[in-house]
Each structure stands twice: as structure tokens, then as C-alpha cells.
Amino acid sequence: YKRQGINAEYGGFRNRRMRIATHLLFVLVLVSVVFSSTEINVNFSNLLAGFTSNYPSPSPTPAPSTSTPSTVAPTQAPLQEAKIAYTDGSQELEGVLIYRGGNTPLPGLLIIHDWASISNYTLSRGRQYADLGFAVFLADIYGKGIRNLTFAQRAGNASFILSNRTLAKSRVLAAYSAAKSLAVIDSSRLATVGYCFGGTVALELARTGLAPDVRAIVSFHGDPSTPFREQNLNIPNTTTVALFHGQLDPIPLDAIVNITVCFLLT
């Protein structure tokens, strides 16, 4: 939907490619800082090249080679994807694990989907992070089989979860526990990223106070407000929290003030 000529769902960026590149840069810088022990080499030039391919810059023609290479560059490990069944009480859930084979365990990234549930967009995000060396777990907040939703179904499911913050916490804790149980994920190097609805739910994971080993929680266009503001005091001081919004998107300033003050008190 549109607000003041700005696509509100995508955080106020007019250029979709630049929005994607900016999102990745924000997360990669933050996660690389808090994952001080990870051994991931991020080539930002190659990363951005994928998003700016429509605007190529001229490059000089290389001189012809006069020698035959003696070795062949190693190929990247194959991409692995698997559906992971888990539960929240009696509710069946089905997440997706994405990673590139090789030396495991890998730094883990828990992704909380937007209001559309696990979609092609969520899967594309997971694959991008897997290419950077993360073992990615896509959380299922709605329930097994709840996919390919209409606009009304997206609104209904998101409203159902966010109107019951206890349920939201339960669902995201179930995803967190499922991610930590996976052998390919190094549970000592774990971060969470959420988009829109998922950004709001990611903050609920922080407010449980039950995930102190999550080093970073990143919320893109998530709502920082909560009916239980005192729960902001539960956010572990071992977790770095970052909130990103478009400049023209409405942001509840009082919620930002409250969560900031709570950080200072803990």
C-alpha cells in the first residue's frame, strides 16, 4: 500500500534494489561486529554487484593470457535446503533450514518472516545469507501449511499473533529452540533478523529474556511498541538490538524512548 507516495511496507525506499542492498549492508555490518569469532569473508563488492547489475559500469578489457592456469578455482559448496518440523505446544510448525555444505557448525541466523508467512521473498533472503556463510533457519510463526496467503489472510494471521503477545513470544521461542537444536548451527553464534511483522515478533524474543545467547536482533520496519512496556527491562544486555525504519514511516516515538531507557537501566 502507499503512504505519501512511499511504499510503506518496504521502509520508505523508492529504489527496491537499493533497499535490498541497504538492508543487507546494515545486517552484515552489525552481525560481523557481534560475531567476533566467526570466520566469514564478506566481499561487499560482489554482494552489491548483484543488486546493481542493471547499471553496469564500463571496465577495461583484460589483456589476453599467454599461460594456461595450473589450477581450477574451487567450486562453492552446494546449497542445502530442508523443511524442519517442530511444534509450539499442540501447534504444528514447519521451518526451513538453508545453508551451504562444508565445515559445520556455522554461525546461525534465525529469520522471522513478514506477514506473508514463509514466501519466495523469505526464501530468497535465506539463500542470500547462506551464500555468506550462515546456517539460516526460517521460522514459521503462523503454522504448518499456512502459505500463499491473500491480502486479507495476511492481515488476519498477523493481527491474530500480535494481538496476543504471549502467543507471539511462545511461537518465536519455539523457533529459537528449534534453530539451536540443529547440528549445523553453532548456537554460541546466533542472531535474529525480522521483517515488518517479523521485526515486531523478533523484539518479542528479546523481551522474553530467555534468549541471552542471541548476540544480535535486527528489526526492519517492525513496530517497537508493546502493551507491556515493563518487559523491555527483560532484554539481555548481552544482546545488541537494532531498529531500522524508512524516514517517512510513522514511528511511535514514545516506544523508542521507552525501549532506549530500558536499555540504559539494564
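These numbers were taken from a predicted model, which means no experiment stands behind them.

It is worth spelling out the overall build of the chain at this point. For the chain, the helix and strand inventory stands at seven helices and nine strands. The burial tally for the chain puts 46% of its 266 residues in the buried class. Pairs at least 24 apart in sequence give 74% of the contacts found in the chain among residues at least 6 apart. Working note: accessible area of the chain is about 13600 Å², and carbon and sulfur atoms make up 56% of it.

Turning to the packing of aromatic side chains, a few remarks are in order. Tallied over the entire structure, the rule returns seven aromatic pairs. Ring centres 5.9 Å apart and planes at 85° place the aromatic pair Tyr121 and Tyr195 in the edge-to-face group. Of this pair, Tyr121 sits in helix 3 (residues 120-131) while Tyr195 is found in strand 7 (residues 185-195), placing the two residues 74 residues apart along the sequence. With respect to class, Tyr121 is no different from Tyr195; both count as buried.

This part covers the packing of helix 4 (residues 151-162) against helix 5 (residues 165-180). In the contact formed by helix 4 and helix 5, the axes pass within 6 Å of each other and the chain directions differ by 100°. Judged by the angle between their axes, helix 4 and helix 5 are roughly perpendicular. Of helix 5, the residues touching helix 4 (which contributes Phe160, Ile161 and Leu162) are Arg165, Leu167, Ala168 and Arg171.

It is worth spelling out the nonpolar core at this point. Ranked by size, the top nonpolar core spans 43 residues in total, and within it Leu110, Phe137 and Leu205 carry the most contacts. The biggest single contributor to this core is helix 5, with nine residues. Those residues in contact with Leu110 that lie beyond four places of it in its chain are Phe137, Ala139, Ala175, Tyr176, Ala179, Leu190, Ala191, Thr192, Val193 and Leu205. In this structure, Ile98, Ala130, Val193 and Phe220 belong to the second largest nonpolar core, which totals 19 residues.

Structurally, the position occupied by Ser117 is in the loop between strand 5 (106-112) and helix 3. Owing to a relative accessible area of 0%, Ser117 belongs among the buried residues under this scheme. For Ser117, the side chain forms a polar contact with the main-chain oxygen of Ile146, separated by 2.9 Å. Excluding anything up to four places from it in sequence, Ser117 contacts Thr122, Tyr142, Ile146, Arg147 and Leu149.

A contiguous nonpolar patch, built from Leu233, Leu253, Val257, Val261 and Leu265 and spanning about 480 Å² of accessible area, is present on the exposed surface. Following the sequence through the fold, Val257 ends up in helix 7 (residues 253-265).

A word on the pairing of strand 5. Regular strands place side chains that alternate from one sheet face to the opposite one. For strand 5, a buried count of seven out of seven residues is recorded, marking the element as mostly surrounded by other parts of the structure. Two elements, strand 5 and strand 7, share seven bridges in a ladder whose sense is parallel. Looking across to strand 7, one finds that Leu106 is bridged to Ile185. Bridge analysis of strand 5 against strand 6 (residues 135-138) gives four bridges, and the strand direction is parallel. Along strand 6, the bridge assignment pairs Leu110 with Phe137. Running through helix 3, the crossover from strand 5 to the neighbouring parallel element strand 6 is right-handed.

We now examine the pairing of strand 7. Most of strand 7 sits inside the fold, with nine of its eleven residues counted as buried. In the sheet, strand 7 pairs with strand 8 (residues 214-220) via six bridges, with the strands oriented parallel. Across the sheet, residue Ala191 finds its bridge partner in strand 8, namely Ala216. The β-α-β motif built from strand 7, the intervening helix 6 (residues 197-208) and the parallel element strand 8 has right-handed crossover chirality.

With that out of the way, let us pick up the confidence of the model for the chain. Put simply, the chain has an average pLDDT of 79, and 71% of its residues get 70 or more. Counting interchain partners and residues more than four positions distant, the pLDDT-below-50 stretch residues 1-18 has 35 contacts. Confidence over residues 36-59 falls short of pLDDT 50; this stretch has 28 contacts with residues more than four positions distant or in other chains.

Definitions and cut-offs
- Residues numbered from 1 in each chain as written.
- Predicted model: local features only at pLDDT ≥ 70, side-chain atom pairs only at ≥ 80, totals over all residues.
- Heavy atoms only, no water.
- Helix = DSSP H or I, 4+ residues; strand = E, 2+ residues; numbered from the N terminus.
- Buried < 20%, exposed > 50% of the residue type's maximum accessible area, 1.4 Å probe, protein only.
- Contact = heavy atoms within 4.5 Å.
- Areas by Shrake-Rupley, 256 points an atom, 1.4 Å probe, with all protein chains shown as cover.
- Phe/Tyr/Trp six-rings, centres within 6.5 Å; stacked < 30°, edge-to-face > 60°.
- Axes fitted to C-alpha atoms, helices over the stretch in contact; angles between N-to-C directions.
- Parallel < 35°, antiparallel > 145°, perpendicular 65-115°, else oblique.
- Core = buried A, V, L, I, M, F, W, Y, C linked by side-chain atoms within 4.5 Å.
- Polar contact = N/O pair within 3.5 Å; in protein donor to acceptor, adjacent residues only side chain to side chain.
- Patch = residues over 30% accessible without salt bridge, like charges linked within 9 Å, V, L, I, M, F, W, Y side chains within 5 Å.
- Salt bridge = Lys/Arg side-chain N within 4 Å of Asp/Glu carboxyl O.
- Pairing = 2+ DSSP bridges.
- Right-handed = clockwise from strand over helix to strand, strands pointing away.
- pLDDT = per-residue confidence, 0-100.

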